[in-house]
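# Structure at a glance
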Amino acid sequence: MNQDELKRAAAHAALDCIDDDIIVGVGTGSTVNHFIDALAGRRERIRGAVSSSEASSARLAAHGIAVLDLNGIDELPVYVDGADEIDGGFAMIKGGGGALTREKIVAAVAHRFICICDASKRVATLGNYPLPVEVIPMARAHVARELARLGGQPRLREGFVTDNGNLILDVHGLEIRDPVGLEGELNQIVGVVTNGLFARRGADLLLLAAESGVQRLAPAQ
């Protein structure tokens, strides 16, 4: 199986975690696109979806799935999204597609976060994948200096603006051994909207696709 086929397998496995008559939180990215396409087959059995990006909203709507405003719902039972990296404690780096802030908001509301990805995303230590940081445009230079002070190598994501009208600094060269601590420290930098570490609210279930099949993994209690 190639990587795209593994992504599709993980996405389809997530359907088994979706109950009838609920609202589904939907993330962003290539693996999630497979999930949206699969979810279309049961759109009559769910109440709708809350999306983390304009791109996912458009794909959901194209399949006839109602896209709901997060502010208009009382609860969100489940959120399904991918990861750029995920470690043994189920902390993640996310935001390769630039939707990290809305992803983090939807994840915070959801009762259960299901991460879908292929086996290449599982790592011992986060940081090989550049860590995205969403910043207010006027604070770009200041935030970049602060990130460099912490040992990172920030690079502006050229030609990209988030759905929120902000910029992304991708931080290279980090070896993240304390994801929870670093997530909080980065968010204290003035001008940072949020960062792509999902550690304080990590995944509750990992559906990890490999050649041998899709594993269902939960964090150690």
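Residues numbered from 1 in each chain as written. Predicted model: local features only at pLDDT ≥ 70, side-chain atom pairs only at ≥ 80, totals over all residues. Heavy atoms only, no water.

## What to know about the pattern of salt bridges
Selection rule: Just to be clear on terms, a salt bridge is a Lys or Arg side-chain nitrogen sitting within 4 Å of an Asp or Glu carboxyl oxygen. Burial classes follow relative accessibility: with a 1.4 Å probe on protein chains only, a residue under 20% of its type's maximum area counts as buried, one over 50% as exposed, and anything between as partly exposed. Comment: elements are numbered from the N terminus, with helices defined as DSSP H or I runs of at least four residues and strands as E runs of at least two.
Across all of its chains, the model carries 13 salt bridges by this definition. Between glutamate 103 and lysine 94 there is a salt bridge; the shortest N-O distance is 3.4 Å. Given a relative accessible area of 3%, glutamate 103 falls into the buried group. Residue lysine 94 is classed as buried on the basis of its relative accessible area, which comes to 2%. Note that glutamate 183 is salt-bridged to lysine 104, the shortest N-O span being 3.0 Å. Of this pair, glutamate 183 sits in helix 6 (residues 179-187) while lysine 104 sits in helix 4 (residues 100-109), placing them 79 residues apart in sequence. Of the two residues examined, glutamate 183 and lysine 104, each falls in the buried class.

## Notes on unusual backbone geometry
One non-glycine residue, aspartate 21, lies in the positive phi region at around 60 degrees. In this structure, aspartate 21 sits in the loop between helix 1 (3-13) and strand 1 (23-26). A relative accessible area of 54% means that aspartate 21 is categorised as exposed.

## A closer look at the pairing of strand 2 (residues 48-51)
Put simply, the rule reads: For two strands to count as paired, DSSP must find a minimum of two bridges between them. Here is how to tell: hold the view so the strands point away, follow the path from the first strand over the helix to the second, and if it runs clockwise the crossover is right-handed.
Along strand 2, one buried face is formed by Gly48 and Val50 and the opposite face, lined by Ala49 and Ser51, is buried too. Alignment of strand 1 against strand 2, held across 4 bridges, turns out to be parallel. Within strand 2, the position partnered with glycine 25 by the bridge is valine 50. In terms of handedness, the path from strand 1 via helix 2 (residues 30-39) over to strand 2 forms a crossover that is right-handed.

## Section: a nonpolar patch on the surface
Stated precisely, the cut-off is as follows: Any residue with relative accessible area above 30% and no salt bridge may belong to a patch, with like charges joined within 9 Å and the nonpolar Val, Leu, Ile, Met, Phe, Trp and Tyr side chains within 5 Å. Residue-level accessible areas treat just the shown protein chains as cover; the underlying method is Shrake-Rupley with a 1.4 Å probe.
A cluster of nonpolar side chains, namely Ile136, Met138 and Val193, defines an oily patch on the protein surface of about 310 Å² accessible area. Relative to the helices and strands, valine 193 resides in strand 10 (residues 192-195).

## A short note on the sheet that holds strand 2
Within a sheet, adjacent strands bond to each other through the backbone by hydrogen bonds, running parallel or antiparallel. So the rule is basically this: To get an axis, a line is fitted to the C-alpha atoms, and for a helix only the part in contact is used. The angle between two axes follows their N-to-C directions and goes from 0 to 180 degrees.
Read across the open sheet, the 6 strands follow the order 2-1-3-6-12-13; overall the sheet is mixed. Only two strands of the sheet have a single partner each, and these edge strands are strand 2 and strand 13 (213-217). Adjacent strand axes in the sheet meet at a mean angle of 20 degrees when their direction is disregarded. Both strand 3 (residues 76-81) and strand 6 (residues 110-118) contribute to a ladder of 5 bridges, which runs parallel. Bridged to leucine 76 within strand 6 is alanine 110.

## As for the packing of aromatic side chains
Both the distance between ring centres and the angle between the ring planes are used here to describe each pair of aromatic rings. As a reminder of what qualifies: Paired rings are identified among Phe, Tyr and Trp, the last through its six-membered ring, by centres lying within 6.5 Å, and are further divided according to the angle between planes into stacked (under 30 degrees), edge-to-face (over 60) and tilted (the rest). Charge-over-ring placement is defined geometrically: NZ (Lys) or CZ (Arg) within 6 Å of the ring centre, and within 35 degrees of the ring normal.
Applying the stated criterion across every chain yields a total of 1 aromatic pair. Where tyrosine 79 meets phenylalanine 113, the ring centres are 5.1 Å apart and the plane angle is 55 degrees; that geometry is what we call tilted. Taken together, the positions of tyrosine 79 in strand 3 and phenylalanine 113 in strand 6 put the pair 34 residues apart, joining distant regions of the chain. The ring of phenylalanine 198 has lysine 104 sitting right over it, with the charged end atom 5.0 Å from the ring centre. The lysine or arginine in question, arginine 157, covers the ring of phenylalanine 160, its NZ or CZ lying 5.3 Å from the ring centre.

Just distances and angles here, no functional claims.
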